[in-house]
Amino acid sequence: MKIPILGKDQIVDTYYPVIKDLDEKKVFQEFEQDALNTNNVFISTLAMDFPPEVSLKKRKEIDEQWKTKFPELTQVKSLGLRHRVDQNYFEAVCKMRNLESLDIRTSTATDIGSIKKLDKLKNLSLSNFSKLEDVSPLTELQSLESLSILASFKISNYELIGKMTWLKSLELGGDAFAPRNLMLQSLESFAELKELVELDMSCASIRDRNYLPILKLKKLKRLDAHWRMKTNEREFLQNEHPSLRSGFFVAYDFVKNEFKNGIEWWIEKE
């Protein structure tokens, strides 16, 4: 059986903030002392991650223990959470003042104001924040270089992210698996993101269908988007942009419905 793997053109020009001396990721469910001796932690505690015999009471006890231990994890620079993060859990995470990278996969938090405490954050990924409406606290994270928000449909002020003019990588989108696109009013809100190197809107649609603000992002090298537009409009953006050279937007032939010749997007191996 041929197994597809990522090709070079699918990852070229993807921007990753540099986090110095990061350990190999260690995965935990229950708290272990070893979590105090690493700077790269991933916690996997969704119900499906446990054997059926693990009770709800036990899972709640595990959650409570992590919440009390987070402030002690002073060495941790990178934290990933495969966990349904409620408001109290979110508040506990925001006591980890040395975090440089935070990835939360699903959450019911309604207020992310405490994230302002994480003033060393370089990378932030928020997915499936089902009740979140306001992202204004993010605009105070001036150390942030890379921001991703996915499948968070109740947010009403995505345009405020356009004020984060220091960002180098931005991903905004809906749910690729549902599938369901995120509807953004306009790209004009993001036209001042002059430092952007990478923009991913693979699962986002633009209501006003004006894509010219992309030309204002002079440092943009990679654009991933599936926007439907006239061929001449797409070619104009591709030809007139001073630095755009990679990403699905330029790698795919939308007329022939195939990747352009020479593009290595997937590699099939036996």
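A. How the structure looks around the pattern of salt bridges. All told, the structure shown has 13 salt bridges when counted by the stated rule. A salt bridge links lysine 26 to aspartate 34; the shortest N-O distance between them is 3.1 Å. One salt bridge connects glutamate 195 with lysine 219, and the closest N-O pair in it is separated by 2.9 Å. With a gap of 24 residues between them, glutamate 195 in the loop between strand S9 (182–184) and strand S10 (198–201) and lysine 219 in the loop between strand S11 (204–206) and strand S12 (222–225) connect regions that are remote in the sequence.

B. Quick peek at the sheet that holds strand S5 (residues 101–107). In space, the 9 strands of this open sheet follow the order S2-S3-S4-S5-S6-S7-S8-S10-S12, with parallel pairing throughout. This sheet does not close on itself; its edge strands, each paired only once, are strand S2 (26–28) and S12. Between one strand axis and the next, the sheet turns by 10° as a mean value, whatever way the strands run. Taken together, the 4 bridges between S10 and S12 define a ladder with parallel strand orientation. Bridge assignment links methionine 201 to a residue of S12, and that residue is alanine 225.

C. Molecular detail of the packing of aromatic side chains. Inspection of every chain in the model, using the stated rule, returns 13 aromatic pairs. Centre to centre, the rings of phenylalanine 248 and phenylalanine 259 are 5.7 Å apart; their planes meet at 85°, and the pair counts as edge-to-face. In this pair, phenylalanine 248 sits in helix H5 (residues 248–251) while phenylalanine 259 sits in strand S14 (residues 258–259), placing the two residues 11 residues apart along the sequence. Centroid distance phenylalanine 259 to tryptophan 265: 5.1 Å. Interplanar angle 25°. Geometry classified as stacked. Overall, phenylalanine 259 belongs to the partly exposed group, its relative accessible area being 27%. Look at tryptophan 265 and you get buried, because its relative accessible area is 7%. Grouping aromatic residues by their ring pairs yields a cluster made of Phe28, Phe31, Trp66, Phe70 and Tyr89. Cation over ring: arginine 180 sits above phenylalanine 153, and NZ or CZ is 3.7 Å from the ring centre.

D. Spotlight on the nonpolar core. Of all hydrophobic cores here, the largest spans 69 residues; its most connected members are Leu79, Ile161 and Trp227. Ranked by residues supplied to this core, first place goes to helix H3 (residues 87–93) with 4 residues. With sequence-adjacent residues up to four places away left out, isoleucine 161 is seen in contact with Val135, Leu147, Ile149, Leu167, Leu170, Leu172, Phe190 and Leu193.

The rules behind these values
- Residues numbered from 1 in each chain as written.
- Predicted model: local features only at pLDDT ≥ 70, side-chain atom pairs only at ≥ 80, totals over all residues.
- Heavy atoms only, no water.
- Salt bridge = Lys/Arg side-chain N within 4 Å of Asp/Glu carboxyl O.
- Helix = DSSP H or I, 4+ residues; strand = E, 2+ residues; numbered from the N terminus.
- Pairing = 2+ DSSP bridges.
- Axes fitted to C-alpha atoms, helices over the stretch in contact; angles between N-to-C directions.
- Phe/Tyr/Trp six-rings, centres within 6.5 Å; stacked < 30°, edge-to-face > 60°.
- Buried < 20%, exposed > 50% of the residue type's maximum accessible area, 1.4 Å probe, protein only.
- Lys NZ or Arg CZ within 6 Å of the ring centre and 35° of its normal.
- Core = buried A, V, L, I, M, F, W, Y, C linked by side-chain atoms within 4.5 Å.
- Contact = heavy atoms within 4.5 Å.

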